[in-house]
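Fold and geometry: a report
Chain by chain, the residues run as shown.
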Amino acid sequence: MGCTDKVIDFFGKISSKTCHHKSPHLIVKNIKIKIIIIVQTHRYIDENESLFPHLSIHHSVGVVHFQHTLSKSQSPRVEFSNMDHQTVQSGCSDGSKILPISNTQDNGMPDANLQLSFPELVEVYIKDSTGISSVADPLLSLYDQMPTCCPKIEELQFGGDPTLTNFPNNFSSISTTLKRFVASLIGKQTVKFPSHPSLAQLELFGDETTTEIVIDDNVLLPNLNETVFGVVVNENHLQTISNFTAKSFPALRLLYLLLPFSIPPIHLNLDLPSLYSLFVPQTDLTTQNTIIHFNDTKGPVVFTGVEYDSTVYPFLNGYPPNVEYIDFRMTSINNIPPVVIPSSATSINLTGCPITLPIDFNTVLQNTTGNLELIFFGNGSNPSLVGPLSQETALCRLKGLQLEGTGVTSIPDCFWCYQNEPTVRFAVPASVVFPVGFTCPITFTSTNLVTVFKKAIIKGKNLGWGANVGGNTLVPIVPNEQLQATINGVATDGPPQNISIQFSNDYPAYTYPFKVMEAGFNVTTTTATQEPNHITITITFSTVNTNILHFVSINGKFATIAVINNVPGASQFGFTPTLSTGTYNVTIFNAYYSVTVPNVQYIQSYPIVNNIISDSIILNGSIIQLEVHQSPFKIVNSQYNYSVCSITEFTTTRISCKVESPISSGLATFNITVDGYSILKQYTIQSAQQQCESETNHCANNGVCTPDGICDCNANQGGYYNNCSKRMHIIVLITIFKLSYPFATSGQVNDQNTTQRSISLFGDFGPNALTNSSVRINNTMNCIINQLESTQFTIQCQLESSPTIYGPASVQLNVDGLLFDSKTYLIRFIKPSTGGKMDKEICEESTQYCFGHGTCDDNGICQCQSGFNPVDNCLTKFVDNSSYIPNPESPSTNISVDGVEFGFDILAIQEIGLDNEIVKELLTNSWISNITTNSTFTDAVYQLVISNTSILADTQVTVNITFSTQSRSITFGNQQLLINPNSIKLAVSINGWEYSSNVATLRVVLKTTTNNQQSIEYDCKETNVDSFSYDDYGTLQYLRVLKDNVQFNGRFIDFALADGRTTYSQTLLINQTSINDEELVAMIGITLPQCQSCVLDPDFTPLLVVNDKDGDCSSTDNNKWKIIVGSVVGGIILVSIITTTTVYIKKKIVFKKHNKKLEMKLNLQRL
């Protein structure tokens, strides 16, 4: 059954079409469509061909194809007024084809004000419309409406549309869905490249009127991958083409040129690092002679110039630096200029080119390393290439040489030398044959070889293309000229040895003797040590040839003593003592090989200045004492003037000197030199002159202070007295402390429960006003100093905003240009409560309902029955059967419960430097004790014995251990602490420590024994018990140790007393080491800020668990018990151990130790 439908085409025609299918014609809505407008005239670009030979223009089902042939008298019209923009009536369709339109009707001119809207349109093809005589409005163009009419457009082709006059205006506004654009512009003298953010393919052409192709500086095509441009007519009047730059074309990989022959040739400049392929073809229009300049471009890798119609070589200014393939087959090129071919090139095809000799192969092939194949033959041969090539030895660097079809009469000897090898490397005319009586002339630059790890370079002539024979491997670096040889049997140590090397697997006669010696070496260790008047660098080798001289340099400076000692496997070299403590790059080398060892540590161990002692005011004759190794020295002040200080005392530990001339106040620099090694030590001094100026206000401005600190009044202005003033002045002497300001010993956050912005710091901040001072917290937050409320010993400051990072914080000071950075944390910010609740169910699951001795509240915290320990989630219970017997020899703490003991020792007190290094260490191994005991209370006091010769002889260390069977309440700082019955309290007091700098801190080191791994089995469920647990800020909070039927619990509190004030103190696990498969020794460090009076006050508590004799989980006796032991040691300020009995009703607990070996090392040598 047929049908007849009306169809509206783009030119306003109404046509009819008879349908032959059974169903009525359908109206298609909301589908992607392609529109092709074709006006048949002479050809510019055929719709069925693509200018990219590897691409094809497709026509798929669903293309709405409007086609009409017009005579010159007909006027095309566009009539859209009767069409719904979502409806395309395409005539009759059988479901798989678009049938052509056969009948049309002229309906007159369309509405010139018509606004087009094609929301689903993806492709538009407009073919050449030269035959059109008139349009409704020549000023209007479909191109102008593309940015608004077609939001899904993907491809545009405008072929010779005369209304495309304002291109490329508004091109960048076309939808970002656009991927391909083709335009053939008519009658445009200037063709400009457009900009577009997403365009991937661009074909842009002018005609015979085009004289320039312009790429403005602001052109940007960031996603353009392929482009074709030029003119598509026989006559080329182009004069200039703008430069192609990476700025405009950052992603361009394929460039296809359609530039017909022109006089003079067109110059094209390319600077395209992304360019991979460049095509310069001969089209059906004409051939090309474009001269291409590659500038700094990296590409192309592939250059195709087939039938390039110019005798001028396109690479006169240099090849593309990364080019691999060059194809000039059948072009007019008649010579190869002396331009170096890049080493990346693998093939140059010059088949059929009228090239003649001579060619400067030495220049052309100087970078060739055996990758390049040079081709001169082909279908049409190359008879112009005539003459001998036997002397062109540069050709021996090639991978292959193809000369069939040429007039070449000879080739270099290297090709005849190895012609019987399986690899075919050359092809020659039939007239070129193997020379009669030929002998391969192989020569060597030297037969003395030095290998580096069995590898050496052999240089010479006619060495071949490599071999692998007799255990030796030859790999060409430059064929026939340089081979890398891997030689078998070379001794690592010894004089040159005779070894024969064969240069071809197929020519045994090519075997020659060489003398070979190994020069490579392997360095095992490199150390730097301080010696009198020189630094010794010691090198140990695992392999080295002692027959070769070796040398050493540090950061480019050579050793001043070539060899101090040279023994098998090691060498020592001397350097002048100019290095300071640090890490250096040490280079070990010989004439053939070098190794640089990075980060070699050098430490200058002396001279060391421990302390400087002087009068508070420095006058002529003042004595300055330096606790230092013996050395002559002089003082240099901050103004760089010198003062002589004559030595009055000279011992191994102290130097005293007398100031012989006046010295200015300020930061004095002491330069101490011993055995050629120097150290600078700075010390703030105050001169009598400065004291005078300060105390007399510059002699009341009526005189001047002399270097001796006396006011010299202006005599000619009258009689002044009392320091040139009529009134008396009170002189206030300022005491200079041993430690240079500034330093802070403690601090506090005053508004901890609100904004946490108000900060108080305590220490010594210098005698001057704090107007030239600043405070930072954690190196990130500025704290503004309140000048009115701050003093020399207290700073009150306000943060600019509340903290956002919580936990302990450090303090940085800048007072009068002097810096302080607290090594330890001085204050702590508390994270505000969010009000959220912990999951009660998680508590019940993780603690097994508080181990049957309590309940989980809504916050996920166990609320224990009376007598059970909430620290262990009600697992343990306090008991009263512990005992403590003090040790009269040392404050080692041992607590016993039913014969089970737990204890710890105080090992040392350490001064820690800025880089966490141990600056000083006081071993706590000698004590005097005083012990008193009654029925309920034990008090043991220990005083550390320190040698009089120690630099810390003035330091006092006291330990007080107390034990009570009754509970106690202890006031420590600003907190009240409850000590449970049967607990040990340990108080450690350190007074008068002399610090090395104002950034040094203290650490008290404790030792105890823990288990490798421990767990309990409760109600037949195993639960691990961690030996250590930490708070949210990384501070050690609890220590638990399980032993037989006892669990020892200890708690570490995070504050201490520094100079009478509460300060933050952090407890850290220093290290652990295995005793056996089950136990570890743990080293715990309690940190303190810099303080003159430092107090720690810890306590300890044991917990006992009643144990029955049945450990079978299958038992139904709910009254059976198992024993568990836990231990927590409390550090920082307060550590308490409490003995507790734990009872597990109707449940079973099994204590387990896991035999897990820990591969950890503990260095106890200093302890």
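Before reading on, note that the structure itself is shown above.
A short tour of the structure in this document, coming up. This one's a predicted model, so the numbers in the text were calculated from it and none came from an experiment.

1. A few points about the overall build of the chain
Along its length, the chain carries six helices and 90 strands. The buried share of the chain, taken over its 1167 residues, is 48%. Of the contacts formed within the chain by residues at least 6 apart in sequence, a portion of 62% connects residues at least 24 apart. Here the chain has roughly 53900 Å² of accessible surface; of this, 50% comes from carbon and sulfur atoms.

2. Comments concerning the sheet that holds strand β61 (residues 818-821)
Across the sheet, which stays open at both edges, the seven strands sit in the order β54-β55-β58-β57-β56-β60-β61 with antiparallel pairing between neighbours. The open sheet has two edge strands, β54 (743-749) and β61, and neither has a second partner. Pairs of neighbouring strands in the sheet enclose a mean axial angle of 25°, with direction left out of account. Bridge count for strand β57 (residues 781-785) against strand β58 (residues 794-799) is three bridges, and the pairing is antiparallel. Bridged to I785 within β58 is C797.

3. Describing helix α4 (residues 688-700)
Its maximal kink placed at S694, α4 deviates by approximately 75°. What α4 keeps buried is the set A688, Q691, C692, E695, T696 and C699. Residues of α4 that are buried make contact with β52 (703-705) and β53 (711-713). Positioned one or two residues after α4, N701 has a phi angle of 60°, which is positive.

4. Focus: the pattern of salt bridges
Where side chains of opposite charge bring their charged atoms close, a pairing between them can arise. This model, assessed by the stated rule, comprises seven salt bridges. We note a salt bridge from E481 to R397, for which the minimum N-O separation is 2.8 Å. Of this pair, E481 sits in the loop between β32 (472-478) and β33 (482-486) while R397 sits in the loop between β24 (382-388) and β25 (400-402); the two residues are 84 residues apart in sequence, bridging distant segments of the chain. Accessibility assignment for this pair places E481 and R397 in one class, buried. Note that E911 and K920 form a salt bridge whose closest N and O atoms lie 3.7 Å from each other. The network of salt bridges with common partners includes E155, R180 and E203.

5. Let's talk about helix α1 (residues 142-149)
Given 3.6 residues to a turn, an α-helix orients residues that are three or four positions apart in the same direction. For α1, every residue scored as buried is listed here: Y143, Q145, M146 and C149. For α1, the angular spread of buried residues about the axis comes to 155°, placing them on one side. Looking at the buried side of α1, the elements it contacts are β8 (155-159).

6. A word on the nonpolar core
Core analysis: the largest hydrophobic core is formed by 112 residues, its most contacted members being F193, F229, F244, L270 and F503. When residues in this core are grouped by element, the largest group, four residues, is from helix α3 (residues 413-417). Non-local contacts of F503, meaning those with residues more than four positions away in its chain, are made with Y418, F444, I458, L463, G466, A467, L474, L483, Y510, Y512 and F514. Counting 45 residues, the second largest nonpolar core, distinct from the first, contains L1002, L1006, I1084 and C1091.

7. Looking at the environment of Q189
Position of Q189 relative to the elements: it lies in the loop between β9 (180-184) and β10 (190-192). Residue Q189 is classed as exposed on the basis of its relative accessible area, which comes to 51%. Q189 sits 20 residues away from T209 along the chain, and the two C-alpha atoms are 5.4 Å apart. Other than its neighbours up to four places away in sequence, Q189 contacts T209, T210, T211 and E212.

Conventions used here
- Residues numbered from 1 in each chain as written.
- Predicted model: local features only at pLDDT ≥ 70, side-chain atom pairs only at ≥ 80, totals over all residues.
- Heavy atoms only, no water.
- Helix = DSSP H or I, 4+ residues; strand = E, 2+ residues; numbered from the N terminus.
- Buried < 20%, exposed > 50% of the residue type's maximum accessible area, 1.4 Å probe, protein only.
- Contact = heavy atoms within 4.5 Å.
- Areas by Shrake-Rupley, 256 points an atom, 1.4 Å probe, with all protein chains shown as cover.
- Pairing = 2+ DSSP bridges.
- Axes fitted to C-alpha atoms, helices over the stretch in contact; angles between N-to-C directions.
- Bend = angle between axes of the 7 residues up to and from the residue.
- Salt bridge = Lys/Arg side-chain N within 4 Å of Asp/Glu carboxyl O.
- Arc of directions from axis to C-beta.
- Core = buried A, V, L, I, M, F, W, Y, C linked by side-chain atoms within 4.5 Å.

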